[in-house]
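Commentary on secondary and tertiary structure
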Amino acid sequence: MSMVKTYRVKGYMLISHDRLPTWQAFTKDVRAVNELDAVEKIYSLMGSKHKVKRYHIRIESITEINPEESIDQIVKELATATRIVKP
């Protein structure tokens, strides 16, 4: 069984590539089993939230962090959850 870890991903995404292209920096914390899964999660989140294609996302660094250091409150709560209750 694999342990889920918390990763901090930093990079750039190309915003409004057709009108006035600008590279916007981002930092995102995600929970994943390994670094490849973290990258896939970033592609999925940025694509659905900002409508950015995969080839418009440049990842600079992926680092494993302590869940308490996370800047995202949801990631922090998921890391400390002891059980999941279905409604």
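It should be emphasised that the depicted structure is a prediction, and the values quoted were computed from it without experimental measurement. (Residues numbered from 1 in each chain as written. Predicted model: local features only at pLDDT ≥ 70, side-chain atom pairs only at ≥ 80, totals over all residues. Heavy atoms only, no water.)

Taking 1.5 Å of rise per residue, the 16 residues of helix α1 (residues 35-50) would be expected to cover 22 Å, and the 22 Å separating its terminal C-alpha atoms lies within 8% of that figure. Residues of α1 that are buried include every one of Ala38, Val39, Ile42 and Met46, and no others. On an axial view of α1, the arc spanned by its buried residues comes to 100°, and they lie on one face. One side-chain oxygen of the residue at the start of α1 lies 3.3 Å from the amide nitrogen of leucine 36, identifying that residue as asparagine 34. Once α1 finishes, lysine 51 follows within two positions and takes phi at roughly 55°, a positive value. (Helix = DSSP H or I, 4+ residues; strand = E, 2+ residues; numbered from the N terminus. Expected span 1.5 Å × (residues − 1). Buried < 20%, exposed > 50% of the residue type's maximum accessible area, 1.4 Å probe, protein only. Arc of directions from axis to C-beta. Polar contact = N/O pair within 3.5 Å; in protein donor to acceptor, adjacent residues only side chain to side chain.)

Taken together, the three strands give an open sheet; going across it, the order is β2-β1-β3, and neighbouring strands pair in antiparallel fashion. At either end of the open sheet lies a strand with only one pairing partner, and these are β2 (22-32) and β3 (57-65). Taking each pair of neighbouring strands and ignoring which way they run, the sheet shows an average axis angle of 20°. By the bridge criterion, eight bridges tie strand β1 (residues 5-15) to β3 in an arrangement that is antiparallel. Its bridge partner being in β3, methionine 13 is matched across the sheet by isoleucine 57. (Pairing = 2+ DSSP bridges. Axes fitted to C-alpha atoms, helices over the stretch in contact; angles between N-to-C directions.)

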